[in-house]
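Structural overview for review
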Amino acid sequence: LLSSLLVVVFILVGQIFKESLASSRPGTLAAGGLGSLVFVFTLTAISNMKMSNVGSTSTCGLTEVIGALFFGVITSASIHRVSATICILLSLGSL
């Protein structure tokens, strides 16, 4: 529940500060970092939901990782296109 709430907060922060993030190079990097945080917490929320429904031995597979990565990249791309690339790099680095 907390990770889902954090995903919503990170998306809202990115959209509220969209113009200031897209107008500078550090802002673009920060938007990519926000997208990477969206990826991490989306994957955490999916994993927690799966563990509570299936059992504590279940793990996230490649499908869940790709879905969470896609969600994070779309979130970053809504701010700036370069942020999507930064999001991919940071997200793959966090795996």
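Here's a quick rundown of the structure. (Residues numbered from 1 in each chain as written. Predicted model: local features only at pLDDT ≥ 70, side-chain atom pairs only at ≥ 80, totals over all residues. Heavy atoms only, no water.)

A short note on the environment of Lys50
Following the sequence through the fold, Lys50 ends up in helix α3 (residues 25-53). Here the alpha-carbon distance between Lys50 and Cys60, two residues 10 residues apart in the chain, equals 8.0 Å. When residues no more than four places from it in sequence are discounted, the contact partners of Lys50 are Gly55, Ser58, Thr59, Cys60, Gly61 and Glu64. (Helix = DSSP H or I, 4+ residues; strand = E, 2+ residues; numbered from the N terminus. Contact = heavy atoms within 4.5 Å.)

Comments concerning helix α4 (residues 62-77)
An α-helix turns once per 3.6 residues; consequently, residues spaced three or four apart project the same way. Helix length check: α4, at 16 residues, gives a terminal C-alpha distance of 22 Å against a target of 22 Å (1.5 Å per residue), a fit within 8%. Buried within α4 are the following residues: Glu64, Val65, Ala68, Leu69, Gly72, Val73, Thr75 and Ser76. Take α4 and look down its axis: the buried residues cluster within an arc of 165°, on one side only. Looking at α4, the residues exposed on the side facing more than 90 degrees away from the buried face are Thr63 and Phe70. Contacts made by the buried residues of α4 are with α1 (2-16), α3 and α5 (81-94). (Expected span 1.5 Å × (residues − 1). Buried < 20%, exposed > 50% of the residue type's maximum accessible area, 1.4 Å probe, protein only. Arc of directions from axis to C-beta.)

Digging into the side chain of Thr75
With respect to the helices and strands, the residue Thr75 is situated in helix α4. Taking the relative accessible area as the measure of exposure, Thr75 reaches 12% and is therefore buried. Non-local contacts of Thr75, meaning those with residues more than four positions away in its chain, are made with Ile11, Gln15 and Val38.

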